[in-house]
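Residue strings, one per chain:
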Amino acid sequence: MHSIYMPNARDETGAAQVAVSAAYHLAYALGGVYPEKLATAVRVTSTGDTVTIDLPKREYLSFRVSPDGNRLAFVARHGRSNEIWVHDLVQGGSRRLNTGAFSNWPMEWSPDSRSLAFSSDRDQARRNLYRIAVDGGEPERLVASERAQTISSWSSNGVIAFLEAGDIWVLPPDGNPAPFLTSGSREGYATFSPDGQWLAYVSNQSGQREVYVRPYPGPEPATSISGDGGTNPAWSADGRQIFYHRGGVLMAVDVTPGDEFQVG
């Protein structure tokens, strides 16, 4: 076996997987390349039913439905590169965007469903933020930094939330990047509510990863959402529920935004 299609791109050296002992015995792993982890794309309804999406088996990394509900963007691993594709949920058919053979992941839709923002290590740089029109075009760099950046959310008001050095940053439309939450803890998964007025995120400030909510642009204190651990928060379309993972289980909690954020 050769070190190709390894799960960690840094391990994809192409070298043969062999070892030779002091007595000149050779041990080796059978095979050609590292097997791809092919998966079937599905969606799960609110009643728990699983529906297969008309897509071929691939090594998928993430999915994002466009705000208008008509298209599905997904990232597929192909060797060292992560390709961004867009699938038409109405008429069918998929096409790969011109993001090149780089690590392009993750990605988020623009509020008008016409473009995607994504993190990429293109331009021989650390992972920075880029944008590309889904109907064609070349990637455009949004933020230049010597530190790695990870796209996290794109609000209905056009504000992009991203992660840099364990902190949450924001990029307003026609504005400059600025820190939103910097602390001694490590934050992640920053996710805007549908109205763009609240930001759910994960922090390890309590000693374990938990889900919190803060108003945007602030500066009111955070409200705890999860208990006994939580990660990967996502808002319902009406902003009245927050979903998150806890120990491999999908959880949901009712919330009531307002002057005093209420948690069920």
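Anyway, here's the lowdown on the structure attached to this text. Keep in mind the model is a prediction, meaning the values are calculated, not measured.

Let us now look at the environment of Glu59. Mapped onto the elements, Glu59 comes out in the loop between β4 (50–52) and β5 (60–65). If sequence neighbours within four positions are ignored, Glu59 has contacts with Glu36, Lys37, Leu38, Val75, Ala76 and Arg77.

Here we come to the pairing of strand β18 (residues 198–203). Counting buried residues in β18 gives six out of six residues, a clear majority hidden from the surface. Across the two faces of β18 the burial is the same, with Trp198, Ala200 and Val202 and Leu199, Tyr201 and Ser203 all buried. Of the pairings in the sheet, the one linking strand β17 (residues 187–192) to β18 comprises four bridges and is antiparallel in character. Bridging across to β18, Phe192 finds its partner in Leu199. What sits between β17 and β18 in their antiparallel hairpin is a turn of five residues, with Gly196 showing a positive phi close to 75°. With six bridges joining them, β18 and strand β19 (residues 210–215) adopt antiparallel strand pairing. Residue pairing across strands places Leu199 opposite Arg214, the latter belonging to β19.

Within this structure, the stated rule accounts for six salt bridges. In this structure, the salt-bridge partner of Arg147 is Glu164, at a minimum N-O distance of 2.9 Å. Placement of Arg147 in the loop between β12 (140–143) and β13 (149–154) and of Glu164 in strand β14 (residues 160–164) is noted, with a sequence separation of 17 residues between them. On the accessibility criterion, Arg147 (40% relative accessible area) is partly exposed. On the accessibility criterion, Glu164 (5% relative accessible area) is buried. A single network of salt bridges, built from pairs that share partners, joins Arg71, Arg95 and Asp135.

The next point concerns the side chain of Asp167. Structurally, Asp167 can be placed in strand β15 (residues 167–171). Arg147 provides the closest opposite charge to the buried, salt-bridge-free Asp167, at an N-O distance of 5.7 Å. For Asp167, the contacting residues outside a window of four places in its chain are Phe162, Leu181, Thr182, Ser183, Ser185 and Glu187.

Rules used throughout
- As a convention, each chain's residues are numbered from 1 in the sequence order in which they are written.
- This being a predicted model, a pLDDT of at least 70 is required before a residue's local features are given, and a value of 80 or more before pairs of side-chain atoms are given or counted; all residues contribute to the totals for chains, interfaces and linings.
- Excluding hydrogens and water, the side-chain figures rest on all heavy atoms present in the structure.
- Comment: elements are numbered from the N terminus, with helices defined as DSSP H or I runs of at least four residues and strands as E runs of at least two.
- Only heavy atoms matter for contacts: two residues are in contact if any of them lie within 4.5 Å across the pair.
- Using a 1.4 Å probe on the protein chains alone, a residue whose accessible area is under 20% of its type maximum counts as buried, one over 50% counts as exposed, and one in between counts as partly exposed.
- Criterion used throughout: strands pair if DSSP finds at least two bridges between them.
- In the sections that follow, a salt bridge refers to a side-chain nitrogen of Lys or Arg positioned within 4 Å of a carboxyl oxygen of Asp or Glu.
- Under the counting rule used here, the positive set is Lys and Arg, the negative set is Asp and Glu, and His together with the chain ends is not counted.

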